[in-house]
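Each chain, letter by letter, is given below.
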Amino acid sequence: MASVNKVIIVGNLGRDPEIRYMPSGDAIANIAVATSYRTKDRNTGEQKELTEWHRISFFGRLAEVVGQYLKKGSSVYVEGRLQTRKYTDKDGVEKYATDIIAENMQMLGGRQGMGGDAGMDDGGGYSGGGGGGYDAPPQRQAPAPRPQMAAPAPAPRPAPRPAPNFSDMDDDIPF
């Protein structure tokens, strides 16, 4: 039997991303995203806005992008899957938590606070690799050393054109 585990969230970050690195050097980013909806109170008829908080985890290059470009208040579109994990709290009580493991992310709302000219169009989209999770982080080889990139040389400027000489133009122009 086929099954689907897909989540789409559009909301705003409630705090700055938390970035950590695994021993392999891969990044992990965690964010909390708020979504809200309006409902009518059955007793009073008053409109209420209810907010739901979602924990979202990013891995690898996608986590690095999140850490670099997102901040508290950023609007974001995230696609991913649900993953429930079991853990023991400090009092020895077993608990469960359901998180979203992000696979794709789209920044929304323009370039405010994105750290200057990032060389991207507004609302850049990013896709992550196979994800992974708390219990089973992605299995990858150690990252290759990153080459040091020199700043690109400025493009040569074209030679200035001479000013047009209107006396060389034909007088046959019909207008």
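Quick notes on the rules
Residues numbered from 1 in each chain as written. Predicted model: local features only at pLDDT ≥ 70, side-chain atom pairs only at ≥ 80, totals over all residues. Heavy atoms only, no water. Helix = DSSP H or I, 4+ residues; strand = E, 2+ residues; numbered from the N terminus. Buried < 20%, exposed > 50% of the residue type's maximum accessible area, 1.4 Å probe, protein only. Contact = heavy atoms within 4.5 Å. Areas by Shrake-Rupley, 256 points an atom, 1.4 Å probe, with all protein chains shown as cover. Salt bridge = Lys/Arg side-chain N within 4 Å of Asp/Glu carboxyl O. Pairing = 2+ DSSP bridges. pLDDT = per-residue confidence, 0-100. Patch = residues over 30% accessible without salt bridge, like charges linked within 9 Å, V, L, I, M, F, W, Y side chains within 5 Å. Polar contact = N/O pair within 3.5 Å; in protein donor to acceptor, adjacent residues only side chain to side chain.

> Tell me about the overall build of the chain, and please be specific about residues and values.
From N to C terminus, the chain includes one helix and seven strands. For the chain, the N- to C-terminal ordering of α and β elements is β-β-β-β-α-β-β-β. The burial tally for the chain puts 31% of its 175 residues in the buried class. Taking the intrachain contacts of the chain between residues at least 6 apart in sequence as the baseline, contacts between residues at least 24 apart amount to 56%. In the form shown here, the chain has an accessible surface area of approximately 12900 Å², with 51% of it arising from carbon and sulfur atoms.

> Break down the pattern of salt bridges for me, citing the residues and quoting the values.
Counted according to the given criterion, the structure contains nine salt bridges. Between Arg85 and Asp99 there is a salt bridge; the shortest N-O distance is 2.7 Å. Here the residue Arg85 occupies a position in strand 5 (residues 75-88), and Asp99 occupies one in strand 6 (residues 94-108), the gap between them amounting to 14 residues. Put simply, Asp89 and Lys95 hold a salt bridge, and the shortest N to O gap is 3.5 Å.

> Could you give an account of the pairing of strand 1 (residues 7-13), naming the residues involved and the relevant values?
Alignment of strand 1 against strand 5, held across six bridges, turns out to be antiparallel. Pairing of Val10 across the sheet is with Tyr77, part of strand 5. One ladder, built from two bridges, connects strand 1 with strand 3 (residues 27-40); its direction is antiparallel. Within strand 3, the residue paired with Leu13 across the bridge is Val33.

> Account for the confidence of the model for the chain, with residues named and values stated.
Counting all residues, the mean pLDDT for the chain is 77, and 62% of those residues have values of 70 or more. Element-level pLDDT for the chain is lowest in strand 7 (residues 125-127), with a mean of 54, against a maximum mean of 96 in strand 1. For the stretch residues 113-123, pLDDT sits under 50, and the model shows 18 contacts to residues farther than four places along the chain or on other chains.

> Give a description of a nonpolar patch on the surface that names residues and reports values.
On the surface, Ile8, Val10 and Leu108 cluster together into a nonpolar patch covering about 250 Å² of accessible area. Mapping Leu108 onto the fold places it in strand 6.

> Could you give an account of the environment of Glu49, with specific residues and numbers?
With respect to the helices, strands and loops of the structure, Glu49 is situated in strand 4 (residues 47-59). Between the C-alpha atom of Glu49 and that of Arg38, which follows or precedes it by 11 residues, the distance is 4.4 Å. In contact with Glu49, not counting residues within four places along its chain, are Ser36, Tyr37 and Arg38. A polar contact of 2.9 Å, which involves the side chain of Glu49, links it to the side chain of Ser36.

> Quick rundown of the pairing of strand 4? Include the residues and the values.
Here 13 bridges tie strand 3 to strand 4, and the two strands are oriented antiparallel to one another. For Arg38, the partnering residue across the bridge sits in strand 4 and is Glu49. The turn linking strand 3 back onto strand 4 is made up of six residues, and Gly45 within it adopts a positive phi angle of 75°.

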